Amino acid sequence: MENKNISPLLEVRDLHVEVEGKEVIKGIDLALYGGAKLALMGPNGSGKSSLSMALMGHPGYKVKSGSIILDGNDITGLSPDKRAKVGLFLAMQNPVSVPGVSVANFLRAIMKAKRGEEVPIREFREMLVKAMGLLEMERSFANRYVNDGFSGGEKKKLELLQMVLLNPKVAVVDEIDSGLDVDALKIVADGVNRITGENNAFLLITHYRRILDYIRPDGVVVLMEGRIVASGGPELINQIDRQGYDWLSAKTA
Amino acid sequence: MRQPVKDIMVGDDYASKFGFSSPEEYYFRAPKKGLSHELVEMMSKMKKEPDWMREFRHKALDTFWAKPMPTWGNQEALGRIDFDDIYYYIKPIEQMGQTWDDVPEDIKHTFERLGIPEAERKFLSGVSAQYESETVYHSIRDEISKLGVIFLGMDSGLMEHEDIVRRFFGTLIPPTDNKFAALNSAVWSGGSFIYVPPGVHVDIPLQAYFRINAKNMGQFERTLIIADKGARVHYIEGCTAPVYSSSSLHSAVVELIALEDAYIRYTTIQNWSNNIYNLVTKRAIAYKNATVEWVDGNIGSMLTMKYPCVVLAGENARGEILSVAFGGTGQHQDAGAKVFHMAPRTSSTITSKSISKGGGRTTYRGWVKTTANAEDVRVSVKCDALILDPTSRSDTYPTMEIGNPKVRIEHEASVSKLSDDQLFYLMSRGLSENESRVLIVNGFIEQFVKELPMEYAVELNRLIELEMEGSVG
């Protein structure tokens, strides 16, 4: 028991990632423990989304060296579905649409994949109603096709709805705040806060502080040009908010 | 009514069905390949057909010989058909010499995966000609016959209702229409004959027939459906289970006649085995205020050429053609739709979805024509192709001939490829690569599937799952 508590849920060791032959992540080390909410900040193009894609195993993001350990399992070479089954989740910035597949059918399929067996319809319905209530979503939302014609905010909500239902060990949440108005932001943040517990951890990717006023992270790392250039407590957020990222760029030079 | 279901059975009741005086003699006669007037004469005599039908067949055979091959579709594959190497009459089941052991493993596997009951599997694979749920079909037929609805095999239809058959048979698709319609006209056997009297609504889709008709999807079946004024009927043919057949050429003719205010929907799901040429002519006519809908799903076969057609002959008539084609390895689905607007205020909707995979090929071929008198016509054509891998292919050939400027046309076509991002998205939620593909494909054809009765929808989705694994032969 003790050992489990002190080993991180997610550990990234000296990770190097290439996209189309260009190195975008240049050696990153990270550790996320149970109950943690870590903010990953950085200017556009600093490699934040690349890191999230590489963590989830997108085939376009090639890990050249280093490793990704999820709850003690080396997932570096695994396909995305296997990573998901170990307990990783990525809430995407711009999820694709799947026309003709209703949200309800999709959610039932992914829950079946997670459990390894069909979720009884009544149980599924109860879980769905509860999770949708948490995110203040209309019931009719379940009948729409996945991300098809969704607004930015609706897409974010569907990502979070999946996160709530799958209850991952580690969730990487990429730019959840973009495209949300303040009310939606509060609902989304509230959702994240409510599912946070000792047995899971969050990596929150953002380049604005706005969301971090609602989801209070306990640590911050700053990424620039594929490297971590600063890390610290929540006070670092205020500093970035005041001064931007320029003062950090000297460090990468 | 005499033995209604037996009438449409093809197999070991062949002799009694066609009234042989000495069936044994027939059984022991070696089946002969190829076409001749002698064969046509023999068939027609065995069936005890009226003279006009016998003459119709003979004339059709001459037409067949005189007609050139179609100049569209897959010329190369069509060119490989050896008409002399084909049996043109249905063989009794014994002569097919088929046992359960002869049925290919992949077909057996598919039956298992589709959850088709044991008895039915044997029936579908041609091992058994009897199917234990026959009584079910009896009762349905008894029920609708009380309403005056005629629902028979085409052969029996001709015997028992010659007047109706003679009035409509071959009127929409004359033998001169195309080479394969001529061939069917010469040697047709089996198929269904339905007549719905004026004002009668057949509420149950004639879908219980589905299974039993699967075996009956003969080489040259002939179907004629007439909905009299204000009548309504929905007919379903086909089966999601693969139809295994040793004969390689299947060429059906289907004619639908919707008189004023009538409604006909004709749903087909076919899953031919991979050695089959499926060259079908389907045409419907809709008179004033009538509606005809073709719901057509094509899976399997080596080459399918099929373009369900609606002739909108009266004011306010409406036609709809909704189709799905799945072209897997070694398959070419050349399918589409035809609509002729020949009266004012007619409307039509064509929705075509095609999926190609593993080097398979799909072609959409459409023809919409409006005549000069056809004012205020509405036409909507939408064709979507989904290509699952780089070796597969999809082509679209839409043709429009507009004879009157007062027409509203919408035309949309899209070709999409299964994208890495879509796969990644679904896989990142824990679905395997194959599960993800299946979900995408099922979403793509959802518009079609939702038009099917529940049990067929479920079966079709499962079948797509199997096709995606590449485990269906």
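You'll find the structure just up there.
Heads up: these notes are all about the structure in this document.

Reading guide: rules and limits
- Residues numbered from 1 in each chain as written.
- Chains lettered and ligands numbered in written order.
- Predicted model: local features only at pLDDT ≥ 70, side-chain atom pairs only at ≥ 80, totals over all residues.
- Heavy atoms only, no water.
- Helix = DSSP H or I, 4+ residues; strand = E, 2+ residues; numbered from the N terminus.
- Areas by Shrake-Rupley, 256 points an atom, 1.4 Å probe, with all protein chains shown as cover.
- Core = buried A, V, L, I, M, F, W, Y, C linked by side-chain atoms within 4.5 Å.
- Buried < 20%, exposed > 50% of the residue type's maximum accessible area, 1.4 Å probe, protein only.
- Contact = heavy atoms within 4.5 Å.
- Axes fitted to C-alpha atoms, helices over the stretch in contact; angles between N-to-C directions.
- Parallel < 35°, antiparallel > 145°, perpendicular 65-115°, else oblique.
- Left-handed = near helix turned anticlockwise from the far one by under 90°.
- Nonpolar A, V, L, I, M, F, W, Y, C, P; charged D, E, K, R; others polar.
- Pairing = 2+ DSSP bridges.
- Expected span 1.5 Å × (residues − 1).
- Salt bridge = Lys/Arg side-chain N within 4 Å of Asp/Glu carboxyl O.
- Polar contact = N/O pair within 3.5 Å; in protein donor to acceptor, adjacent residues only side chain to side chain.

**Overview of the overall build of chain A**
Argument step 1. The helix and strand tally for chain A stands at 9 helices and 12 strands.
Argument step 2. For chain A, the accessible area works out to roughly 11,600 Å², and carbon and sulfur atoms hold 47% of it.

**Quick word on the nonpolar core**
Argument step 1. Within the largest apolar cluster, 120 residues are counted, with the highest numbers of intra-cluster contacts made by Phe106(A), Leu107(A), Leu161(A), Met163(A), Val222(A) and Leu460(B).
Argument step 2. Ignoring sequence-local partners within four residues, the contact set of Val222(A) consists of Met41(A), Gly42(A), Arg227(A), Ile228(A), Val229(A), Ala230(A), Leu236(A), Ile240(A), Tyr245(A) and Leu248(A).
Argument step 3. Among the nonpolar cores identified, the runner-up in size contains 38 residues, and Phe151(B), Leu206(B), Ala227(B) and Ile264(B) belong to it.

**Describing the packing of helix α15 (residues 420-427) of chain B against helix α16 (residues 433-444) of chain B**
Residue and element names in this part refer to chain B.
Argument step 1. Taken N-terminus to C-terminus, the directions of α15 and α16 make an angle of 115°; their axes are 9 Å apart at the nearest point. Classed by the angle they form, the pair α15 and α16 counts as roughly perpendicular. The two elements α15 and α16 cross, and the hand of that crossing is right-handed. Taking contact as the criterion, the partners of Gln 422, Leu 423, Leu 426 and Met 427 in α15 are, on α16, Glu 433, Ser 436, Arg 437, Leu 439 and Ile 440.
Argument step 2. For the contact of α15 with α16, a count of residues per class yields 5 nonpolar, 2 polar and 2 charged.

**Notes on the pairing of strand β2 (residues 192-196) of chain B**
All names here are of chain B.
Argument step 1. Burial runs high along β2: 5 of the 5 residues are buried.
Argument step 2. Here β2 shows no split at all, with Ser 192, Ile 194 and Val 196 on one side and Phe 193 and Tyr 195 on the other all buried.
Argument step 3. Relative to β2, strand β1 (residues 150-153) runs antiparallel, the two being bridged by 4 bridges. Bridge pairing in β2 places Phe 151 opposite Ile 194.
Argument step 4. Bridging between β2 and strand β3 (residues 222-227) involves 4 bridges; their strand directions are parallel.

**Observations regarding helix α18 (residues 454-469) of chain B**
Argument step 1. An ideal rise of 1.5 Å per residue puts 22 Å on 16 residues; α18(B) measures up with 23 Å between its terminal C-alpha atoms.
Argument step 2. Among all positions in α18(B), only Tyr456(B), Ala457(B), Glu459(B), Leu460(B), Leu463(B), Ile464(B), Leu466(B), Glu467(B) and Met468(B) are buried.

**So, the interface of chain B and chain A**
Argument step 1. Taken together, the contact pairs 18 residues of chain B with 32 residues of chain A.
Argument step 2. Applying the counting rule to chain B against chain A returns 1 salt bridge.
Argument step 3. Viewed at the interface, chain A and chain B are joined by 11 residue pairs in polar contact (both at pLDDT 80 or more).
Argument step 4. Counting only elements with at least two residues in the side of chain B that touches chain A, the list comes to α15 and α16 of chain B.
Argument step 5. With 6 residues, the single largest contributor to the side of chain B that touches chain A is α15(B).

**Here we look at the sheet that holds strand β10 (residues 201-205) of chain A**
Residue and element names in this part refer to chain A.
Argument step 1. Taking strand neighbours across the sheet as the criterion, the 6 strands line up as β6-β9-β10-β3-β11-β12 in an open arrangement whose pairing is mixed. Because the sheet does not close on itself, it has two edges, and the strands there are β6 (88-91) and β12 (227-232). Between one strand axis and the next, the sheet turns through 20° on average, direction left out of account.
Argument step 2. Where strand β9 (residues 170-174) lies against β10, 5 bridges are found, and the strand directions are parallel.

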